[in-house]
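# Structural characterization, general
Okay, here's what each chain looks like letter by letter:
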Amino acid sequence: MAAPGSDASDGQVPRFVDETNEDLVELNVLRSKPVCFLVIGKPGAGRTSLASRLAKTWGCIHVDGRSSVLQAITMETELGKQCADLLDSGQVVETDLVLQVMRERLAGLEVSHHGYVLDDIPLASEQKLGFADQLGFINSLPMTPDVIINLKIKDEDITERRLGQKVDPDTG
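## Here's the deal with the pairing of strand S1 (residues 36–41)
- In terms of residue burial, S1 counts as a mostly covered element, since 5 of its 6 residues are buried.
- Where S1 lies against strand S3 (residues 116–118), 3 bridges are found, and the strand directions are parallel. Within the sheet, the bridge partner assigned to Cys-36 lies in S3 and is Tyr-116.
- The sheet contact formed by S1 and strand S4 (residues 147–151) spans 5 bridges and is parallel. Paired with Ile-40 across the two strands is Asn-150, which belongs to S4.

## Digging into the environment of Ala-84
- Among the structural elements, Ala-84 can be located in helix H4 (residues 78–88).
- A residue is classified by how much of its surface remains accessible, and Ala-84, at 17% relative accessible area, is buried.
- Note: C-alpha distance between Ala-84 and Ala-72 (12 residues apart in sequence) is 9.0 Å.

## So, the nonpolar core
- Grouped together as the largest cluster of nonpolar side chains are 24 residues, with contacts concentrated most on Val-63, Met-102, Leu-106, Tyr-116, Leu-118 and Phe-137.
- Elements represented by at least two residues in this core include exactly S1, strand S2 (61–63), helix H3 (65–74), H4, helix H5 (95–106), S3 and helix H7 (131–139).
- Counting residues per element, this core draws most heavily on H5, which supplies 6 residues.
- When near neighbours in sequence (up to four residues on either side) are disregarded, Tyr-116 contacts Val-35, Cys-36, Phe-37, Cys-60, Ile-61, Val-63, Leu-106, Val-111, Leu-141, Met-143, Thr-144 and Pro-145.

## Quick notes on unusual backbone geometry
- You will see that Glu-76, though not glycine, has its phi angle at about 55 degrees, which is positive.
- Structurally, the position occupied by Glu-76 is in the loop between H3 and H4.

## Quick notes on H4
- Considered for burial, the residues of H4 that qualify are Leu-79, Gly-80, Cys-83 and Ala-84. Within H4, the buried residues cover an arc of 140 degrees as seen down the axis, which keeps them to one side. More than 90 degrees from the buried face of H4, the exposed residues found are Glu-78, Asp-85 and Asp-88.
- Here the buried face of H4 lies against H3 and H5.
- A positive backbone phi angle near 80 degrees is found at Gly-90, which sits one or two residues after H4.

## Concerning the side chain of Asp-119
- Counting through the fold element by element, Asp-119 comes out in the loop between S3 and H7.
- When residues no more than four places from it in sequence are discounted, the contact partners of Asp-119 are Val-39, Arg-47, Thr-48, Ala-51, His-62, Val-63 and Asp-64.

## Topic: the environment of Leu-118
- In this fold, Leu-118 is placed in strand S3.
- Taking the C-alpha atoms as reference points, Leu-118 and Leu-106, 12 residues apart in sequence, are found 9.1 Å from one another.
- Among all residues touching Leu-118, those that are not within four sequence positions of it are Phe-37, Leu-38, Val-39, Val-63, Met-102, Leu-106 and Leu-141.

Cut-offs and rules
- Residues numbered from 1 in each chain as written.
- Predicted model: local features only at pLDDT ≥ 70, side-chain atom pairs only at ≥ 80, totals over all residues.
- Heavy atoms only, no water.
- Buried < 20%, exposed > 50% of the residue type's maximum accessible area, 1.4 Å probe, protein only.
- Helix = DSSP H or I, 4+ residues; strand = E, 2+ residues; numbered from the N terminus.
- Pairing = 2+ DSSP bridges.
- Core = buried A, V, L, I, M, F, W, Y, C linked by side-chain atoms within 4.5 Å.
- Contact = heavy atoms within 4.5 Å.
- Arc of directions from axis to C-beta.

Without other data, these values stay purely geometric and don't point to any function.
Structure, rendered in structure tokens:
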């Protein structure tokens, strides 16, 4: 009796060949819905530079605290008006308000259509928001990250990179 799937005429069991290109399958899955990236790393490691390039390459929306606040102010949203009032009075926009603005942007139609590249979370300082709270923020997003990129760089290399950056003498 021939084995299941064998060709009884020659007594050989046919070999199954997986003709699937795993890289192509992975790329198709990522492109089947808006792809969402989270870029993490120390300040000065190149998160924002990488996030900008990823957003351009993948057609995603680059979301960070500063640009989200500026967009909310420009669009005159309720949260944007709160931020503008604080800034106009010389105060700092607190982390909680920045996160609310970012959450609002991440829940928007533009992001749900194009995906996002998020580079301001986790926050550099856990004094403002604990690590567990930062993970809670990420997990509560309407679309959680598909790809997380952790940029690791030695402190000495960050110092060298930072020393090479141009600094405006008036604004620092």
